[in-house]
Amino acid sequence: MTAVAASDLAETGTGPTINESRMERSERSFARKIVIPAFAVAIIVTQIPFLATIYYSFQNWDLARPEARSFAWFHNYAAVVTNGAFLPALLNTVVIVGSSVIVSLVLGLLLAVLLDRKFPGRAVARTLLITPFLVMPAASALIWKWSLLDANVGMINWAFGLVGIPPVAWNTDFPGMTVVFVLTWQYTPFMMLILLAGLQSQSGEMLEAAQVDGAGPIRIFRTMTLPHLRTYAELAILLGTVLMVQVFDPVNIMTGGAGHSKTLSYLLYERAFIGQQVGEAAAYGVVTVIVTIAVATVALRTLFRVFTEEGGGGR
Amino acid sequence: MFGNRRSTRAPGSRPGFRRVGMRQPGRHRAALVAGVGAASLMLTVSGCAGFGNLGNQPGVTTITLASVNNPQMQDLATLLPEFEKAHPDIKVNVIMMEENDLRNATTKDVATRGGQYDVMTVGAYEVPMWGRNGWLTDLTAKAKADPSYDVNDFFKPVQQSVSYDNRIYAAPFYGESSFLMYRKDLFQKAGLTMPAHPTWQQVAQLAAKLKDPSQDRAGICLRGKPGWGEQFAPLTTVVNTFGGQWYNMSWDAQVNKPGFSNAVNFYVNTIKQSGERDPASFGFTECLNLFQQGRAAMWYDATSAAGTLETKGSPVAGKVGYVSAPVVKTKESGWLWTWNLAINSLSKHQQADWEFVKWATSKQYEELVGQRLGWARVPPGTRQSLYANPQYQQASSAFAGLTAQTLRSVDPTHPGVDPQPWTGIQFVGIPEFQDVGNQTSQQIANTFSGGESVADALDKGQRIAQIAGDTQKREAGK
């Protein structure tokens, strides 16, 4: 933007009498001025809701008794700590989202490598593989609940029956895992798409050169393709985590928050709409944001090259 | 209604929405012209009336009805022209909502004294609480003043469910109880008979004999899905008849006391031994599906389920027997749920509101539905006279008699062994119960897999319940 502004200024004939530093300064202040509207909008849409949430978190606000609103000091935050629901939900979220991200990333990589090859019907295969990502979350939870995991007529138990394994009560015995199933199924295409873009940006000449130098396909994949994919995988992990942390539909439809399936977003929903405690739910939200910022800052700075090195390793 | 509680809708589906004119560029301009034409026509029409009063005529009172979107209320909406024909000076504007949305919207409106809705469908859970708070108009005098309305025709428990301190705060529109449904053919094949008034122990024994893993059939289906209106609707009735209760008269929680814990242990063990395979995901809809597909020999649930089981094309139609809710220490153990029409105490046209409420809950309305839409679609469970009507008896013979008998004999003020300080059978009439019931039901769902013991689950439930109990104690002390 500054470059554009500079050339504009040069062309409109601001003579050579103005010295370099003054021109730079006016350039910068002009640049700042044109950023202001966008910046203001960004603040309004992101920070005002957050400030409102902080305000609510200091209120006694019970939806069932809306007439009795009052200032609560740190009562809601005390409730978050003493209820004993926050840490288990945080742990559930980490386990569910973490395993879904890892499994879908691995599956996505396999599918991306397959789709990177030329074969007849590749376009059809790609469309079919993307489909789960396009299905609405509530619909995919229903598909899994009724068609796949049902204890009587579900396809998975039917397949188990063929090899003599007795039917499994998925939602009752493994509530957290059923949520992981749905998330993995839904987000594998997402991971696949990002990694496929990475694979297709790899230079064919370099791979050919490596082949001429005598490297086998496995060695090429390990020493050239995987390092090349690193920034793509980081981006996939980051975006995937952000999207999956919001998981709600499978929890609500399949398990109702039983067992280890109660994630932070479901806990928030419960406090706000079943517990009807708006203040307490807001306090959960604020604490969640603080924890997320802390974790994200450490993780982004240390683990992710895409944020530390200019341009990363993607070229 | 408790039977049809659904907390999630598939988002984004709008069947009426179609993008006309966007597909072909040629149609684009035509659509634009039509749109502009329609807009200018609207402007001309509404020019004198002003935007807020669009369509209002002088001398006509418009009342706003916030309604739950169950089938009976949808029938009411289609019959509204009949009401407006008889009352040309009243116009009814209906806003339909899904149950949870309705509960949130109406609670906010009455509690913040918004006055947005004049008439609301209010469930049996809220009517006594809202009546006590003065949020609803006291209808006692109006209802008793008109002999043709015949207020004593309502089942007494149904009338109690809409009363606080002997004052009526809503008019019952729909009522249901719970009973035990069983497959007559399977019982006959197994050489078993169902007692007319079974005990829960008998039911558990029968369930153990009737379960058949080779046929993929459960002995009984009982709701296990977490939720105060899912798992705890049937489970609280079991707790009541086992001699347990949520709170005693001084609002001390009783969740880990013997009566409650015996009942929960029995419920969980019965499901584990002869119930459905995946109880944590089984609510009303799932049990209905299981029973209708012939994969359960018995089912304890809402009386409203019978209508679906007996419709044409149902695989079990004609094969289902009905007996009253199983008991242990009490004489009767069915639940009671009603949807009622209540008037916002802030509404500015109380008389018009009452005219509408009276019409919708009258004998004439039942007659109207019977003649126009068929007797099977009359909202059941409120008026005794309906069950004496030969046409209605003919349309719903399999279960009508038992429904009426149950609705006559349940006692929402004293459903268990010990007295309780609220009105309601399968719920506690305090705002916090949704939360308490929901959290405790999640703990109980964890015990199905054996991951947690019932005693631990109920200890946690006790702590959760006592917090709400302490709030009640504070409010009672004020």
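See above for the structure.
In this report, the structure presented in the accompanying data block is examined. Here the structure is a predicted model, which means the values were calculated and not measured.

This part covers the interface of chain A and chain B. Listed by partner, the interface residues are 36 residues for chain A and 35 residues for chain B. With both chains or domains summed, chain A and chain B bury close to 3,000 Å², and 49% of this area falls on carbon and sulfur atoms. Among the ionic pairs, Glu286 of chain B bridges to Lys145 of chain A, the shortest N-O distance being 2.5 Å. Where chain A touches chain B, the interface holds 15 residue pairs in polar contact (both at pLDDT 80 or more). Taken together, the elements giving at least two residues each to the side of chain A that touches chain B come down to α6 (137-148), α8 (170-173), α12 (249-255) and α13 (264-274) of chain A. Looking at which element gives the most residues to the side of chain A that touches chain B, the answer is α13 of chain A, with five residues.

With that out of the way, let us pick up the state of the cysteines. Residue and element names in this part refer to chain B. One pass over the structure, following the stated rule, counts one disulfide over all chains. Each disulfide pairs two cysteine sulfurs, and for Cys221 the partner residue is Cys287, the sulfurs being separated by 2.2 Å. Because the torsion about its S-S bond is -80°, the bridge between Cys221 and Cys287 counts as left-handed. Note that Cys221 is positioned in the loop between α9 (200-210) and α10 (232-241) and Cys287 in helix α12 (residues 284-292), a separation of 66 residues in sequence. Relative accessible area serves as the criterion here: at 0%, Cys287 is assigned to the buried category.

Moving on: the pattern of salt bridges. Residue and element names in this part refer to chain B. The full count for this structure, using the stated rule, is 22 salt bridges over all chains. Measuring nitrogen to oxygen at the nearest pair gives 2.5 Å for the salt bridge that ties Asp301 to Arg223. Highlighted residues: Asp301 in strand β8 (residues 298-302) and Arg223 in the loop between α9 and α10, separated in sequence by 78 residues.

A few words on helix α11 (residues 217-244) of chain A. What sets the pattern is the α-helix's 3.6 residues per turn: residues three or four places apart point alike. Residues and elements named next belong to chain A. Taking 1.5 Å as the rise per residue, α11 with 28 residues should run 40 Å; its terminal C-alpha atoms sit only 34 Å apart, a clear shortfall. Along α11, the sharpest kink reaches roughly 45°, centred on Arg230. Here α11 has its buried residues at Ile220, Thr225, His228, Leu229, Thr231, Ala233, Glu234, Ala236, Gly240 and Met244. On its buried side, α11 packs onto α4 (86-115), α9 (175-200) and α10 (204-212).

Note on placement: Gln391 of chain B falls in helix α17 (residues 390-395). Linking Gln391 of chain B and Gly370 of chain B, residues 21 residues apart in sequence, is a C-alpha distance of 8.4 Å.

Relative to the assigned elements, Glu432 of chain B resides in the loop between α18 (400-409) and α19 (433-448). Here Glu432 of chain B falls in the buried class, since its relative accessible area comes to 12%. Not counting chain neighbours up to four residues away, the residues in contact with Glu432 of chain B comprise Asp62 and Arg65 of chain A together with Tyr125, Ala468, Thr471 and Gln472 of chain B.

All names here are of chain B. On the basis of which strands lie adjacent, the open sheet formed by three strands has the order β8-β7-β9 and antiparallel pairing. Every interior strand has two partners, whereas the edge strands, β8 and β9 (320-324), have only one. For this sheet, the mean inter-axis angle between neighbouring strands, taken without regard to orientation, is 30°. Note: strand β7 (residues 178-183) against β9, five bridges, orientation antiparallel. For Arg183, the partnering residue across the bridge sits in β9 and is Val320. Of the strands in this sheet, β7 and β8 are in contact with α9, which crosses β8 at around 135°.

Residue and element names in this part refer to chain B. Ordered in space as β2-β1-β3-β10-β6, the five strands form an open sheet in which the pairing is mixed. In this open sheet, the two strands that pair with only one neighbour each are β2 (90-97) and β6 (171-176). Strand-to-strand, the axes of this sheet are offset by a mean angle of 20°, without reference to chain direction. Note that strand β1 (residues 61-68) and strand β3 (residues 119-123) share two bridges and pair parallel. Bridge pairing in β3 links Ala66 to Met120. With respect to the sheet, helix α14 (residues 350-360) is in contact with β1, β2, β3, β6 and β10 (337-343), its orientation differing from that of β10 by roughly 150°.

Conventions used here
- Residues numbered from 1 in each chain as written.
- Chains lettered and ligands numbered in written order.
- Predicted model: local features only at pLDDT ≥ 70, side-chain atom pairs only at ≥ 80, totals over all residues.
- Heavy atoms only, no water.
- Contact = heavy atoms within 4.5 Å.
- Buried area = accessible area lost by both parts, 1.4 Å probe.
- Salt bridge = Lys/Arg side-chain N within 4 Å of Asp/Glu carboxyl O.
- Polar contact = N/O pair within 3.5 Å; in protein donor to acceptor, adjacent residues only side chain to side chain.
- Helix = DSSP H or I, 4+ residues; strand = E, 2+ residues; numbered from the N terminus.
- Disulfide = S-S within 2.5 Å.
- Buried < 20%, exposed > 50% of the residue type's maximum accessible area, 1.4 Å probe, protein only.
- Expected span 1.5 Å × (residues − 1).
- Bend = angle between axes of the 7 residues up to and from the residue.
- Pairing = 2+ DSSP bridges.
- Axes fitted to C-alpha atoms, helices over the stretch in contact; angles between N-to-C directions.

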